[in-house]
Every structure is written in C-alpha cells, then in structure tokens.
Amino acid sequence: MVAETAPRAGHNAAWYPIATSDDLPFRHVYHGQLLGQEMAVWRADDGHVNAWENRCLHRGVRLSIGINEGAELKCQYHGWRYANRTAGCTYIPAHPADAPARRISNRTYRVMEADGLVWSTLSPDTPFALPPVDGEKLALRPIPVNASPEMVLTALVHARRSGSDVEALPPLGAGLELADLPGHPARFFVQPVDAARAVIRGIVARPAGDPLPLLRQFDDVLEALREVIEADAARVELPEPIVPVYQPVSVELSSMPPITIGAQNTLRVVVRRKFPAGADIVGLELGALEGHLPTFQPGAHIDLHLPNGLVRQYSLTNGPGEQLSYVIGVKREPTPGSGSQAVHEVVREGDVVAISEPRNNFPLRRDARKTLFIAGGIGITPLLAMAKALEAQGLAYGFELFARSDAHIPFPDDVGRLGARVNRHLGLDPGATSAAIGRIVANPGFAEQIYVCGPGPFLELVREEAAAAGWPESAVHFEYFKNLKPRDSSKSFKVELARSALSLDVPAGKSILAVLRDNGVNGPASCEQGACGTCLTRVLDGEIDHQDVYLNEAEKREGKVMMTCVSRARSTRLVLDI
Amino acid sequence: MIILYDFELSAECYAVRLLLGFTGLAHEIRPVDMFPGREQDEAWFRALSPDGTLPVLDDDGLVLTALPAILAHIAARSGGLGRWWPAAARDEIARWFAHAESLADSALRARWIITTGDGHSLPVLQARAHALLRTLDRHVWFAEKSGADWLAAGAHPSLADVAVFPAVALCEEGGISRQDYPAIRRWLDRVRRIPGFHVMSGVFPAGPARADVPFGSQ
C-alpha cells in the first residue's frame, strides 16, 4: 500500500492541502509552500481564497508580509496593489498618475476548499478529485515535520493499528487508524512543502460535544510521531531543497504589443443582470463565462459591441477586487439607432456579448490629500468606481452629484452606500449649476485633485470654473466619451513618418489615421473622434492643430503628442514618431 | 505537598532550593537528569513543562514553571509574601529578575558550554528557537480553538503578549522562519492590531482590524 501512495516523478501535477480553512481569518496573509514554491495565501472579504507566487513583481519581496486589504493585497515594500482573483496590479504609488500596464499580473495557483482544508496544485489543469467524505469534518492541528514527505507518509502508515487497513488517497495521503488512537479513523495528507519538509494534515469525523479533547489526543500522538520521524531523518542524508521555479516574464510583457487597428482582445461575457438604475438608465452586469474577468482599475472603461454593430465605451462602476463581473450604466439617448437604444431595447439577460479588455484613460491618483469628485448625471459611473476604491483605502474624498431629480440619480443603491459624503444637487438650471460648481471649486487646496465626468458642456463648465478659481490644469482630471467640438478638416498638409521613412499627403476631408491606413501603416485606434486617447502619437516636429478632447490644455500647448484620428497640422508639415 | 523537579547543577533550580531552605517550607525533591540524560525532553516531563525547562514546582496539582512565579508562590505559601516580595519593592525586584535572566543568558550559558561541551553555534541556537516556537504555536492554536486570542488567560492582552512579541516578531532576522507556525503568525496579526501598536525596523503593520470585534481578533 505504501508503495502505491509514495510520490513519484510527476507528482507536481497533483493536488495537496496547503492550509487549514481556519488559517485564513479576516485580513490575514498565510505563508504557504508546496513543492518548493512559496505562496502568499489570503482570503478576500468576498470569501475567495487567493494563492499567489510569494513575491512582488516589483522587487521580489514576499507578499506574505504584505497587507490584506479585503479586496486587494498591498506589498509591504513599495505599496504595489494587486487585485483579488486576478493578481493584476491596480496601482503603483511611485507612478500615481498612471494606470499600471494591464499585463502586470502575478502568478496565481489554483485553490479549492474542501473538508476544512485548503488545497492547491502546481498543475494548470489537473482536475480536483478528493474522495468524498461523509459527515462534518474536523481538521487536526497541522504538524510540520523536518523530513522528506515520503519518510513522513511511511512512518504514518507504520503507526497504524496492527492488522488494520490503509486506504490509499491522492498522492501522499492515507486513511488509517493510528495504533495509539484506536476507534478514530482519520484521513491524513502529507503536504510536500519541500524535498525535506512536510506537514501532516488530518481530518476526522467531528465528535459530538467539545472537540478539544480529541484534537489534543491526536496532537499528542502526532507530536510524538514527529519526534520519531525527525530523529530518523537526522540519521540519513536529506535531499537538497527544491529549486523554486519563478514565473518567467512573459513574452507579452517583455515585448511591444502588436500594432493592429481597432479594439483587440475582445472577450465574451454574459449579461447576468439588466436592471433599472435610475430614470432612463439601465445597469448591465456582465459576467465572465467562466472564472474571472481581466484586472481593471478605477476609471477604466470597456468597449461594448452591440447587436446593431455599434461599438460604444462604458465606464466600469465596480469596487476594487470585484472581478467576477463588470457593472456598467447606460442612459437612453433619444437618437434612434443609437448604442443606448440598442442596450435598452435589444440586449436581454442571458445574452452573450463581446467587450474589450478594460482600458484606463482616467487613472485615479491616490496620493492626494483630498479628492473631489464632481459627477453630472450618468457621468457618475467612473467616479463611483473611484470613490469605492478610496473608501476601501480610507482616503479622504468629497462627492458632488448633479442630477435632474432624485429619480434621475444613477445607481441610487451605490450612491446610498457612500452615505453622507455625497452632496446632491438636484434640478438646477444652467445658471444655478454654474453657481453651485463655482462654490464647490472655490478654494483650491494643496495636493487636492478634482475628477469630473458628465455631459460635454458640464465638463467644460467645471474646467472653466476650476481654472478661474486657480486650480492647476494638472489637478483637474476628466474623460470625454464624445467629442462634440466642431471639427475642421479643410486644410491639407504633409506628414513625414520618421521611423518608416515615408512621406504622405493628407488631403482636406481625410484624417491622418485614414491616410496612414491607406498606406499600410496600422496603428491602434478606437473611438476615432478624439475622445479615447488610443491613437495617441508622438510628434517630433511641426505645429499641431489639436481638435481632440482627450489631451488637456497644458499637453496641447506642449505640442509633443497628438490624436491622429481628428487632429491636423497648422504648419505645412508634421513629423511623426512612427 | 510541594514537589520540586530539580537538577542539582542548575543555577535556577538552586535559587528555588535556596528559598525553600530560607522559608523552611516542607517539600520533596524529584531529580531530573538534564545532563547528560536529557530527561527534560521526555514526554512525562514535557507534560509538566512544555518547553522542557527546569525548575518545576508542583503544589498539589498547581504546576509552576517560571522562576519568578515559583519564588513568589513559595514566599506566599510560607506566609512571608510581605517580607520576600513587598509591594513597595516590586518594580525593583522585577528589574532584578530581568537582570538574573540576562546573567543566565550570558554567564550561565558560558558556564554551560564549558561544563557540558554543548557548543552554542548558530544552528544550535536556531534549533532551540524553533523548539520554543513549536511550543508557542501549539499553545496559540489550542487557545484559538478555545476562543482565546492571547497568550495568558483573559479577554484582554497581557504583559505576556508584550513580553513575548518582540523576540518572535524579530526572529526571522535571526534566520528563523515563521512559516511552520501559522497560529503564531495569526497571533502576531492580533498583537499588531492592538490600538496604539507601534512598528520598529523589521516589524511591519498588519492589515486593518475588523471594526466590530475588539482588536480585530478571530
């Protein structure tokens, strides 16, 4: 029997218990190890158990000394934050104004919880198959042993009641009755921590009444057994520790992303819920078909591919670590055939739709002394995600919400949960709105930041009032989904592509982006109206005629980058870094 | 009946024998062969003294293993508490207890090395620390199962937590990993959530406590 349960080459593919369920209490990070691979194991507030490679992607510091914040794990060293479920990096404090690249993601291990134990495997695909156990189970105190897992299992089997059976379990496990504890059959598993380290884990049927005496009896027997095993181990040469295999930097992470046109990496999601989220607004909860969705940061949006062929951008409203589904809000616009009409009328619960991976052109700084959110109507969506993130971190913020009436407040449940922080400004006419915004932004403070989102004229109003009150442009953050500014494409000019050694004529009525495409130069683009920032291109020489709403005034004045989808040249020639 | 588990060559045991003599308290001595027999590692003795330390005093089932507690108990049982442990001098006496522990850690350790040949190399010290941590982990695990968060009995942390925390929190700087002591790691979290907790170099803060539970305990 022993021979059958002894580990063999290839047992990296098997599942082993790595912890007890009780080892993962509220906001704790457990320091685990399996076959030489250290793991940071933590339970998020939503109950999900994460088992990650135990090193921060930044400086390799153990994440097991990090802080479990409930939805994110924060590295103790430089504060990099990683999301529940995906282990994707959501914030890098040294780069407060930037969204971390979405490929910065730690290695995750698969986890199962069963019979009071937490299980993991180094295998990406072995199915979890623990033989079923009847009744309620009690996990014994784990006993770490400084000996090879094989020695430990052999000793356990030898310690069984003479003549009794041994039930072979998955690798390195045995069901047996100990000679010193007859009448209490138990299932033992030997967790191979390393080549010469193991943990005995056991489960027994929960006795009626106080379980402590039984737990102590087992503990005494197992501690005595450990003493014997370790004394034996001291007499033999133990194998060298397993050399851990760290996840290599992926090809994706170490190379430039492929350049292709349009939204890439679409994924399919199912409409789990379609619900009223305020007057003329529906909320859509878009769930992963299996597992979780890609990591997002507050401020991120997705492209939603609609049944009528349109592609529209919507901000995510989710709080940190909510990676099972994205929640967006869509306001009904009167225009027939619009994206919002398709969402309101055609999309149903249970539909499968395509979306892009989240992109973040509206990253949230978390180094502000105070953050002021100013939302106009449905523009609240990205700000909700931001406020939830600051709330989770306990950072100071204020929230000013403008809506036509109480009934028009989008996502009233979410707004209600933010509590008294939200100041509601309802049913104001343009003059009163302007006056209210003037009061809100009247006193710019040191290291304070404004995030504003709403209809175009509302954004313009806030930006003007903030500028008049003395806020620096760099402290006022905004995101446009539509470019409503009148655009002028009447001028023709020449573009030179410095890297491609190409010189192209851009005629009146045609965008630089279109001319590039005609000549086989494909770059990323999305909204094609100067709002999303996807086609941002560096400019080496020439004077730019900015017609987008993505760049702020300071960036436009600097003249180093442009949006090739709408912006043009004032000079007769532009030199692009393509 | 008072029973002293004693090793003739132990300085700490000698202190107890001294006070028993001074007070004239009736007692019985049970010798434990610490060296070379290592009898303190045997199961029957570990059941009395989980870390295998001597002396141990058993007064009709009340088992005491810490030298200050043993001395205070003998003083009280002999009716001489006010003379041997006067309230006005407790701070002074506690300082001398600490002084004696430091001497045990230096002078007596040197004596032990020379008289027994037990070399105190780094691996030996680390192994001894691991043995102590195993005892601590087991204690905390069973305390948790009985609903207790702290080392000594009671709903509030005690001086025991304060006294033990620093060495445990800093042991990884001595090359002593806490990976095998998950219950200790949870206790460290709880201590670090006591309001007013301060870090030092090498000791990091824990995550925020649960708002509805004192100290964010289990």
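**Digging into the overall build of chain A**
So, point 1. The helix and strand tally for chain A stands at 11 helices and 34 strands.
So, point 2. Projecting the C-alpha coordinates of chain A onto the three principal axes gives extents of approximately 95 × 60 × 50 Å.
So, point 3. For chain A, buried positions account for 53% of its 578 residues.
So, point 4. Once local pairs closer than 6 in sequence are excluded, the contacts in chain A between residues at least 24 apart make up 63%.
So, point 5. For chain A, the exposed surface amounts to about 25,000 Å²; the carbon and sulfur share of it is 52%.
So, point 6. For chain A, the centre of its 59 positive side-chain charges and the centre of its 67 negative side-chain charges are spaced 5 Å apart.

**A closer look at the pattern of salt bridges**
So, point 1. The final tally for this structure, using the stated rule, is 55 salt bridges over all chains.
So, point 2. One salt bridge in this structure joins B:D180 and A:R197, with 3.5 Å as the shortest N-O distance. Here B:D180 is found in the loop between helix 7 (159-169) and helix 8 (182-192), whereas its partner A:R197 is found in strand 16 (residues 197-205) on a different chain.
So, point 3. The exposure class of B:D180 is buried, given its relative accessible area of 18%.
So, point 4. Owing to a relative accessible area of 23%, A:R197 belongs among the partly exposed residues under this scheme.
So, point 5. Between A:E391 and A:R421 there is a salt bridge, with the nearest N and O atoms lying 3.9 Å from each other. Separated by 30 residues along the polypeptide, A:E391 in helix 6 (residues 380-393) and A:R421 in the loop between helix 7 (412-418) and strand 25 (422-426) bring together distant segments of the chain.
So, point 6. A:R421 sits in the partly exposed class, given a relative accessible area of 33%.
So, point 7. Here the residues in one salt-bridge network are A:R141, A:D219, A:D220, A:E223, A:R226, B:D137 and B:R138, joined through shared partners.

**Considering the interface of chain A and chain B**
So, point 1. Across the boundary between the two partners, chain A contributes 33 residues, which contact 22 residues of chain B.
So, point 2. In total, about 2,600 Å² of surface goes out of reach between chain A and chain B, with carbon and sulfur atoms giving 48% of it.
So, point 3. The largest share of the area that chain A buries against chain B comes from A:F26, A:H31 and A:R141, three residues that together contribute 23% of it.
So, point 4. If you look at where chain A meets chain B, you find 8 salt bridges.
So, point 5. Among the salt bridges present, the one from B:R138 reaches A:D220, with a minimum N-O distance of 2.5 Å.

**Points about the nonpolar core**
So, point 1. Counting residues in hydrophobic clusters, the biggest one holds 66 residues, and the most contacted among them are A:L178, A:F188, A:F218, A:L222 and B:W187.
So, point 2. Element by element, the count of residues in this core is highest for helix 3 (residues 212-233) of chain A, at 9 residues.
So, point 3. When near neighbours in sequence (up to four residues on either side) are disregarded, B:W187 contacts B:L136, B:V140, B:D149, B:W150, B:L151, B:D161, B:V164, B:F165 and B:V168.

**Observations regarding the domain arrangement of chain B**
So, point 1. Domain assignment breaks chain B into domain 1 (2-87) and domain 2 (121-216).
So, point 2. Taking only C-alpha atoms into account, the centre of domain 1 of chain B sits 27 Å from that of domain 2 of chain B.

**Considering the environment of B:L48**
All names here are of chain B.
So, point 1. Looking at the secondary structure, you find L48 in helix 2 (residues 43-48).
So, point 2. Sequence-wise, L48 and T65 are 17 residues apart; in three dimensions their C-alpha atoms are separated by 8.2 Å.
So, point 3. In contact with L48, other than residues within four places in its own chain, are Y5, V63 and T65.

**Let's talk about empty space enclosed by the protein**
So, point 1. Per the stated rule, a full pass over the model turns up 6 cavities of 30 Å³ or more.
So, point 2. The computed volume of the largest cavity comes to approximately 100 Å³.
So, point 3. Taken together, 14 residues form the lining of the largest cavity, with A:Y30, A:V199, A:R201, B:Q179 and B:D180 sitting closest to its centre.
So, point 4. The set of elements that each furnish at least two residues to the lining of the largest cavity consists of strand 2 (29-34), strand 15 (186-194) and strand 16 of chain A.
So, point 5. Split by residue class, the lining of the largest cavity holds 7 nonpolar, 5 polar and 2 charged.

**Here's the deal with the packing of aromatic side chains**
So, point 1. Evaluated as defined, the whole model comprises 21 aromatic pairs over all chains.
So, point 2. Relative to A:F128, the ring of A:W15 lies with its centre 5.1 Å away and its plane at 75°, an arrangement referred to as edge-to-face. Linking A:W15 in strand 1 (residues 15-20) with A:F128 in the loop between strand 10 (117-121) and strand 11 (137-139), this pair joins segments that are 113 residues apart in sequence.
So, point 3. Residue A:W15 is classed as buried on the basis of its relative accessible area of 7%.
So, point 4. Here a set of aromatic residues connected by ring pairs shows up, and it is made of A:F362, A:F373, A:Y397, A:F399 and A:Y451.
So, point 5. One Lys or Arg, A:R216, reaches over the ring of B:F142 and ends 4.2 Å from the middle of that ring.
So, point 6. Taking the ring centre of A:F275 as reference, the NZ or CZ of A:R273 above it sits at 4.0 Å.

**Focus: the sheet that holds strand 30 (residues 536-541) of chain A**
Residues and elements named next belong to chain A.
So, point 1. Read across the sheet, 5 strands follow the order 29-28-34-30-32 without closing on themselves; strand pairing throughout is mixed. Looking at strand neighbours, the two that pair on one side only are strand 29 (502-506) and strand 32 (561-563), the edges of this open sheet. Strand-to-strand twist in this sheet, taken as the mean axis angle between neighbours without regard to direction, amounts to 40°.
So, point 2. As paired elements, strand 30 and strand 32 share 3 bridges and run antiparallel to each other. Directly across from L536, in strand 32, lies its bridge partner M563.

**Comments concerning the sheet that holds strand 5 (residues 67-68) of chain A**
Residue and element names in this part refer to chain A.
So, point 1. Judged by pairing direction, the sheet is antiparallel, and its 4 strands sit side by side in the order 5-6-7-8 without closing on themselves. Either end of the sheet is taken by a strand with one partner, and the two such strands are strand 5 and strand 8 (89-91).
So, point 2. Bridge count between strand 7 (residues 81-83) and strand 8: 2 bridges; the pairing is antiparallel. What sits directly across from R81, in strand 8, is Y91.

**Things to note about the domain arrangement of chain A**
So, point 1. Domain annotation for chain A reports domain 1 (19-129), domain 2 (131-240), domain 3 (267-355), domain 4 (370-478) and domain 5 (493-576).
So, point 2. For domain 3 of chain A and domain 5 of chain A, the distance between their C-alpha centroids amounts to 31 Å.

**Observations concerning the environment of A:E349**
All names here are of chain A.
So, point 1. Within the secondary structure, E349 is located in the loop between helix 5 (339-345) and strand 22 (352-355).
So, point 2. With a relative accessible area of 47%, E349 lands in the partly exposed category.
So, point 3. Sequence separation between E349 and L286 is 63 residues; the distance between their C-alpha atoms is 9.4 Å.
So, point 4. Look past the residues within four positions of E349 in its chain and what remains in contact with it is V271, R272, R273 and K274.
So, point 5. Among the polar contacts listed, one links the side chain of E349 to the backbone nitrogen of K274, at a separation of 2.8 Å.

Rules behind the numbers
- Residues numbered from 1 in each chain as written.
- Chains lettered and ligands numbered in written order.
- Predicted model: local features only at pLDDT ≥ 70, side-chain atom pairs only at ≥ 80, totals over all residues.
- Heavy atoms only, no water.
- Helix = DSSP H or I, 4+ residues; strand = E, 2+ residues; numbered from the N terminus.
- Buried < 20%, exposed > 50% of the residue type's maximum accessible area, 1.4 Å probe, protein only.
- Contact = heavy atoms within 4.5 Å.
- Areas by Shrake-Rupley, 256 points an atom, 1.4 Å probe, with all protein chains shown as cover.
- Lys, Arg positive; Asp, Glu negative; His and termini not counted.
- Charge placed at Lys NZ, Arg CZ, Asp CG, Glu CD.
- Salt bridge = Lys/Arg side-chain N within 4 Å of Asp/Glu carboxyl O.
- Buried area = accessible area lost by both parts, 1.4 Å probe.
- Core = buried A, V, L, I, M, F, W, Y, C linked by side-chain atoms within 4.5 Å.
- Domains from an automatic or database assignment.
- 1 Å grid on protein atoms, 1.4 Å probe; cavity = no way out; pocket = protein on both sides within 12 Å on 5 of 7 lines; lining within 4 Å.
- Points joined across faces, edges and corners; volume = space filled by probe spheres on them.
- Nonpolar A, V, L, I, M, F, W, Y, C, P; charged D, E, K, R; others polar.
- Phe/Tyr/Trp six-rings, centres within 6.5 Å; stacked < 30°, edge-to-face > 60°.
- Lys NZ or Arg CZ within 6 Å of the ring centre and 35° of its normal.
- Pairing = 2+ DSSP bridges.
- Axes fitted to C-alpha atoms, helices over the stretch in contact; angles between N-to-C directions.
- Polar contact = N/O pair within 3.5 Å; in protein donor to acceptor, adjacent residues only side chain to side chain.

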